[in-house]
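# Structure assessment
The chain contents come next:
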Amino acid sequence: MSMSLVLQKFIGLNQKKRDDRSLCKKIAMKVKYIGKKDTMAFKRDKIYEVMSIERHWYRIMTELDEDYVFPPNLFEIVEDD
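Right, let's walk through the structure included here. (Residues numbered from 1 in each chain as written. Predicted model: local features only at pLDDT ≥ 70, side-chain atom pairs only at ≥ 80, totals over all residues. Heavy atoms only, no water.)

### Observations regarding the overall build of the protein
Selection criterion: The way it works is that DSSP assigns letters per residue, a run of H or I at least four long becomes a helix, a run of E at least two long becomes a strand, and they are numbered from the N terminus. The contact criterion used is simple: two residues touch if any of their non-hydrogen atoms lie within 4.5 Å. We get accessible surface area from the Shrake-Rupley algorithm with a probe of 1.4 Å; when it comes to residues, only the shown protein chains can shield them.
Along its length, the protein carries 1 helix and 5 strands. Along its sequence from the N terminus, the protein presents helices and strands in the succession α-β-β-β-β-β. Expressed as a percentage of contacts within the protein between residues at least 6 apart in sequence, the contacts between residues at least 24 apart total 39%. Taken as a whole, the protein presents about 6,200 Å² of accessible surface, with 57% of it coming from carbon and sulfur.

Take a look at the structure:
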């Protein structure tokens, strides 16, 4: 595969990601991590603020100071505006 084709695919994927983000819903909601144990990203029973909901997953700032989307079954809603 040529480098230009790889680059075109990469640009296309990034554009698709930007387009997908337009499907997200900005919200004000707090959730508690209810996973079985602490992880590098989350501390058990700690409250986190949901930045947005994207395709039914929660975008949350982790303990690593990076935001990612996570499935809602890892959390319990504690405050929903």
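### Side note on the nonpolar core
What counts here: Working definition of a nonpolar core: buried Ala, Val, Leu, Ile, Met, Phe, Trp, Tyr and Cys residues. They are joined through side-chain atoms within 4.5 Å. The buried label applies to any residue whose accessible area, calculated with a 1.4 Å probe on protein chains only, is under 20% of its type's maximum; exposed applies above 50%, and partly exposed to all values in between.
Grouped together as the largest cluster of nonpolar side chains are 11 residues: Met29, Val31, Tyr33, Ala41, Phe42, Tyr48, Val50, Tyr58, Ile60, Phe70 and Phe75. Ranked by residues supplied to this core, first place goes to strand 1 (residues 25-33) with 3 residues. For Tyr33, the residues in contact, after removing those within four places along its chain, are Thr39, Phe42, Lys43, Arg44, Asp45, Lys46, Tyr48, Leu74 and Phe75.

### Description of unusual backbone geometry
Look at Arg55: it is not a glycine, yet its phi comes out positive at around 50°. Inspection of the secondary structure assignment puts Arg55 in the loop between strand 2 (47-54) and strand 3 (57-61). According to the relative accessible area criterion, Arg55 is exposed, its value standing at 52%.

### Examining the side chain of Arg59
The condition that has to hold: Any N or O atom pair separated by 3.5 Å or less is treated as a polar contact, with the protein-specific requirement of one donor-capable and one acceptor-capable atom, and with residues adjacent in sequence counted only for side-chain atom pairs.
Mapped onto the elements of the fold, Arg59 is located in strand 3. A distance of 2.5 Å separates a polar atom in the side chain of Arg59 from a polar atom in the side chain of Glu54. Of note is the side chain of Arg59, whose polar atom sits 2.8 Å from the side chain of Asp67.

### A word on the environment of Lys32
The topology assignment puts Lys32 in strand 1. Classification of Lys32 by relative accessible area gives partly exposed; the value is 23%. Sequence-wise, Lys32 and Glu76 are 44 residues apart; in three dimensions their C-alpha atoms are separated by 5.1 Å. For Lys32, the residues in contact, after removing those within four places along its chain, are Asp45, Lys46, Ile47, Leu74, Phe75, Glu76 and Val78.

### Topic: the packing of aromatic side chains
To keep things clear, this is the line we draw: For Phe, Tyr and Trp, rings pair up if their centres lie within 6.5 Å, where Trp contributes its six-membered ring, and each pair is then called stacked (planes under 30 degrees apart), edge-to-face (over 60) or tilted (otherwise).
Under the defined criterion, the tally for this structure stands at 7 aromatic pairs. Seen in terms of ring centroids, Tyr33 and Phe42 are 5.1 Å apart; in terms of plane orientation they differ by 20°. Their pairing is stacked. As far as burial versus exposure is concerned, Tyr33 and Phe42 are alike and both buried. Among the aromatic residues, ring-to-ring pairing joins Tyr33, Phe42, Tyr48, Tyr58, Phe70 and Phe75 into one connected group.

### Some words on the environment of Leu64
Structurally, Leu64 can be placed in the loop between strand 3 and strand 4 (67-70). Between the C-alpha atom of Leu64 and that of Ala41, which follows or precedes it by 23 residues, the distance is 6.0 Å.

Treat this as a map of the structure, not an account of what it does.
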